[in-house]
Amino acid sequence: MSAVATKNEVEVFLAFFGGAGDGPGLFNSEIVKSVANAGFDDPRKIGLGGASVSSESKYLEWSDAAFGRSKAVDLLAYINENCMTMPVIVVAHSYGAEAAIKTIRQLKTTVTHLVTIDAVSWETKIALDAKPSNVQQWTNIYVSGFHDFTDVIAFLGGQWKKRAGADRNIDASDIAKASGIHVSHGTFLKMWGMALPYVRASIGLE
């Protein structure tokens, strides 16, 4: 875990929510968990050089929040009690986005930046379009088209794509095409990189 912030660093609280394929189960890809752990160890590994990550930052499986498990309850309690002045960044991939927003709605404090990365869920695709009232900025990144089998899974699961309430909607496929890189529902780290400039600016690093 990152040490206490030095004089020139911004201490931030990070909460990562993995999708249905990220935790135990058929795929168990851990694509979000691995990125989260790297960032907790050294913020520079996820593009947050200049920031110090709170030692209480957490990675959660989507089911932790969906089923009110102790890890999600503890997360809520910690943020409500300790993050009144500390920037809070919530990053959620796939089905984890629904779990993240359900968690955010229970918070008594502000989320500085919500990043949803190719969010999936039929329930929230239909019912959620507005930004939660306690979120300052919302960056929503999505994939258009089909690039590999993970995009088929996302489509069948209820891929959100654009959200009217987001401060910015970014089509990762357009950026990938212009840059000559591959992007798909499963390329979480590449899409996180597309959100990074906005996240850094929101916590005063740009």
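What comes next concerns the included structure. Predicted, not measured: the structure shown is a model, and the values here were computed from it.

1. Here's the deal with the packing of aromatic side chains
Alright, step 1. Scanning the model with the defined rule gives five aromatic pairs in all.
Alright, step 2. With centroids separated by 5.6 Å and ring planes inclined at 25 degrees, the aromatic side chains of Phe 13 and Tyr 78 adopt a geometry described as stacked. With Phe 13 in strand 1 (residues 10–17) and Tyr 78 in helix 3 (residues 70–82), this pair connects stretches of sequence that are 65 residues apart.
Alright, step 3. Ring-pair connections join several aromatic residues into one group, and the members of that group are Phe 16, Phe 40 and Trp 192.

2. Details of a nonpolar patch on the surface
Alright, step 1. A contiguous nonpolar patch, built from Phe 146, Val 152, Phe 155 and Leu 156 and spanning about 420 Å² of accessible area, is present on the exposed surface.
Alright, step 2. Considering the arrangement of structural elements, one finds Val 152 in helix 6 (residues 149–157).
Alright, step 3. The exposure class of Val 152 is partly exposed, given its relative accessible area of 38%.

3. A short note on the pattern of salt bridges
Alright, step 1. The full count for this structure, using the stated rule, is six salt bridges.
Alright, step 2. The shortest N-O distance in the salt bridge between Asp 41 and Lys 45 comes to 3.1 Å.
Alright, step 3. Lys 45 sits in the exposed class, given a relative accessible area of 52%.
Alright, step 4. Among the salt bridges present, the one from Asp 129 reaches Arg 163, with a minimum N-O distance of 3.5 Å. Taken together, the residues span a long stretch of sequence, with Asp 129 in the loop between helix 5 (122–127) and strand 6 (135–142) and Arg 163 in the loop between helix 6 and strand 7 (168–171) at a distance of 34 residues.
Alright, step 5. Residue classification places Asp 129 among the partly exposed positions, given a relative accessible area of 35%.

4. What to know about unusual backbone geometry
Alright, step 1. Positive phi, normally seen in glycine, also occurs at Ser 94, with a value near 55 degrees.
Alright, step 2. In this structure, Ser 94 sits in the loop between strand 4 (88–93) and helix 4 (96–104).

5. A few points about the environment of Ser 202
Alright, step 1. Mapped onto the elements of the fold, Ser 202 is located in helix 8 (residues 188–202).
Alright, step 2. Considering only alpha carbons, one finds Ser 202 and Ala 176, 26 residues apart in sequence, at a separation of 24 Å.
Alright, step 3. With residues up to four places along the chain from it excluded, the contact list for Ser 202 reads Thr 112, His 113 and Gln 137.
Alright, step 4. A polar side-chain atom of Ser 202 sits 3.0 Å from a polar atom in the side chain of His 113.
Alright, step 5. For Ser 202, the side chain forms a polar contact with the main-chain oxygen of Val 199, separated by 2.7 Å.

6. Quick look at the environment of Ala 130
Alright, step 1. Assignment of secondary structure puts Ala 130 in the loop between helix 5 and strand 6.
Alright, step 2. The spacing of Ala 130 and Arg 163 is 33 residues in sequence and 7.4 Å in space, taken between C-alpha atoms.
Alright, step 3. Residues in contact with Ala 130, not counting those within four places in the same chain, are Trp 138 and Gly 165.

7. Thoughts on helix 8
Alright, step 1. The terminal C-alpha atoms of helix 8, which comprises 15 residues, lie 20 Å apart, in line with the 21 Å expected from a rise of 1.5 Å per residue.
Alright, step 2. Within helix 8, the axis deviates most sharply at Ala 195, by approximately 45 degrees, and proline Pro 197 lies no more than four positions further along.
Alright, step 3. Residues of helix 8 that are buried include every one of Phe 188, Met 191, Trp 192, Met 194, Ala 195, Leu 196, Val 199, Arg 200 and Ser 202, and no others.
Alright, step 4. Residue Gly 204 follows helix 8 closely and has a positive phi angle near 80 degrees.

8. Points about the nonpolar core
Alright, step 1. Grouped together as the largest cluster of nonpolar side chains are 31 residues, with contacts concentrated most on Leu 14, Phe 16, Leu 48, Val 91 and Trp 192.
Alright, step 2. Of all the secondary structure elements, the ones that give two or more residues to this core are strand 1, helix 1 (31–41), strand 2 (51–53), strand 4, strand 5 (111–117), helix 7 (172–179) and helix 8.
Alright, step 3. In terms of residue count, helix 8 provides more of this core than any other element does, seven residues in total.
Alright, step 4. For Val 91, the contacting residues outside a window of four places in its chain are Ala 15, Phe 16, Phe 17, Val 115, Ile 117, Phe 188 and Trp 192.
Alright, step 5. Residues Ala 97, Ala 119, Leu 128 and Val 135 belong to the second largest nonpolar core, which totals 28 residues.

Definitions and limits used
Residues numbered from 1 in each chain as written. Predicted model: local features only at pLDDT ≥ 70, side-chain atom pairs only at ≥ 80, totals over all residues. Heavy atoms only, no water. Phe/Tyr/Trp six-rings, centres within 6.5 Å; stacked < 30°, edge-to-face > 60°. Helix = DSSP H or I, 4+ residues; strand = E, 2+ residues; numbered from the N terminus. Patch = residues over 30% accessible without salt bridge, like charges linked within 9 Å, V, L, I, M, F, W, Y side chains within 5 Å. Areas by Shrake-Rupley, 256 points an atom, 1.4 Å probe, with all protein chains shown as cover. Salt bridge = Lys/Arg side-chain N within 4 Å of Asp/Glu carboxyl O. Buried < 20%, exposed > 50% of the residue type's maximum accessible area, 1.4 Å probe, protein only. Contact = heavy atoms within 4.5 Å. Polar contact = N/O pair within 3.5 Å; in protein donor to acceptor, adjacent residues only side chain to side chain. Expected span 1.5 Å × (residues − 1). Bend = angle between axes of the 7 residues up to and from the residue. Core = buried A, V, L, I, M, F, W, Y, C linked by side-chain atoms within 4.5 Å.

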